[in-house]
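# Secondary and tertiary structure notes
Single-letter residue listing:
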Amino acid sequence: MAVGKIDHVGIAVQSLEEALGLFRDALGLSFQGTEELPDRHLKVAFLQVGESRFELLEPTDPESTVYKFLQKKGEGIHHVALNVENIEESMKSLEQKGYTLLDKTPKPGSGGTRIAFVHPKSTNGVLLELVEGHHE
Ligand code: CMX
C-alpha cells in the first residue's frame, strides 16, 4: 500500500472554543473554521500545520465515540490519519495482514475524501484513519 503524508492528527477536546485559545491564538495556526457533523455527534475544527492539519474533536452528545474517549482517557490525541493512494487496496492489504478494520467499506469523510478506521488494539494503541483524496 502507498502511504503519503499525515493528513491530520485528531485531538479530543472538551471545548473547541477553549482549545482554539492554544491552537489558533497561541500557536498562530491557520484556522479553517468549525464544522458540525451531526451523524457522528461531533463538532470539529481544522488548523493547518505545514502540509498537514490538526482536527480538534468536540463531542456534541454522549452518543459520540469521542465522548466515551474523553470520559475514559481525558483530552489528548485521538487518532492519526494517513493519506493513502487507493483506500480499497489499503484496507484489503491491512486486513490480509491481520489488522482489524472498523469499516467494511470506505465512508465519506470531510471535503469529499473517503475514509476508514483501523482498530487501535491491532495497531500499537493508535487509532489509524486511512484517507483517500485531499481537501481543496
Ligand atoms: N485510541 C487508542 N485507543 C483507544 C481509542 C483511541 N481513539 N478509543 C478506544 N481505545 C481503546 C480503549 O482505551 C480500550 O482499551 P482497553 O480495553 O485497554 O481499556 C479499547 O480501545 C476499547 O475502547 P472502548 O472505550 O470500549 O471503546 P469502543 O470499543 O466502544 O470503541 C473504537 C473504540 C476505536 C472501536 C471506536 O471509537 C471507533 O469505532 N472509532 C472509529 C471512529 C471514530 O473514532 N470516529 C470519530 C472521530 C473521527 C471523525 O469522524 O472525524
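As a reminder, the structure under discussion sits directly above these lines.
Below: a short report on this structure. Everything numeric here is computed off the predicted structure, so don't read it as measured data.

Turning next to the packing of aromatic side chains. Counted under the stated rule, the structure contains one aromatic pair. Here Arg24 stacks its cationic end above the ring of Phe31, 5.4 Å away from the centre of that ring.

Here eight strands make up an open sheet; going across it, the order is β2-β3-β4-β1-β5-β8-β7-β6 and the pairing mixed. At either margin of the open sheet sits one strand with a lone partner, and together these are β2 (30-37) and β6 (107-108). When strand β5 (residues 76-84) meets strand β8 (residues 128-132), the two strands line up parallel, connected through four bridges. Counted as the bridge partner of Leu82 is Leu130 from β8. Of the strands in this sheet, β1 (3-12), β2, β3 (42-49) and β4 (52-59) are in contact with helix α1 (residues 16-26), which crosses β4 at around 160°.

Here we take up the pairing of β8. Burial analysis of β8 places five of its five residues in the buried class, which makes it a mostly covered element. The alternating pattern of β8 places Leu128, Leu130 and Glu132 on one face and Glu129 and Val131 on the opposite face, and all of these are buried. Here strand β7 (residues 114-118) pairs with β8 via five bridges, running antiparallel. What sits directly across from Val118, in β8, is Leu128.

Attention shifts here to the layout of surface pockets. By volume, the largest pocket is sized at about 1,000 Å³. Along the wall of the largest pocket there are 41 residues; nearest its centre are Thr65, His78, Leu102, Phe117 and Leu127. At the level of elements, β1, β3, β4, α2 (65-73), β5, β7 and β8 are the ones that each hand at least two residues to the lining of the largest pocket. Ranked by residue count, the leading element in the lining of the largest pocket is α2, at six residues. In terms of residue class, the lining of the largest pocket is made up of 15 nonpolar, 13 polar and 13 charged.

Procedures and definitions
Residues numbered from 1 in each chain as written. Predicted model: local features only at pLDDT ≥ 70, side-chain atom pairs only at ≥ 80, totals over all residues. Heavy atoms only, no water. Phe/Tyr/Trp six-rings, centres within 6.5 Å; stacked < 30°, edge-to-face > 60°. Lys NZ or Arg CZ within 6 Å of the ring centre and 35° of its normal. Pairing = 2+ DSSP bridges. Helix = DSSP H or I, 4+ residues; strand = E, 2+ residues; numbered from the N terminus. Contact = heavy atoms within 4.5 Å. Axes fitted to C-alpha atoms, helices over the stretch in contact; angles between N-to-C directions. Buried < 20%, exposed > 50% of the residue type's maximum accessible area, 1.4 Å probe, protein only. 1 Å grid on protein atoms, 1.4 Å probe; cavity = no way out; pocket = protein on both sides within 12 Å on 5 of 7 lines; lining within 4 Å. Points joined across faces, edges and corners; volume = space filled by probe spheres on them. Nonpolar A, V, L, I, M, F, W, Y, C, P; charged D, E, K, R; others polar.

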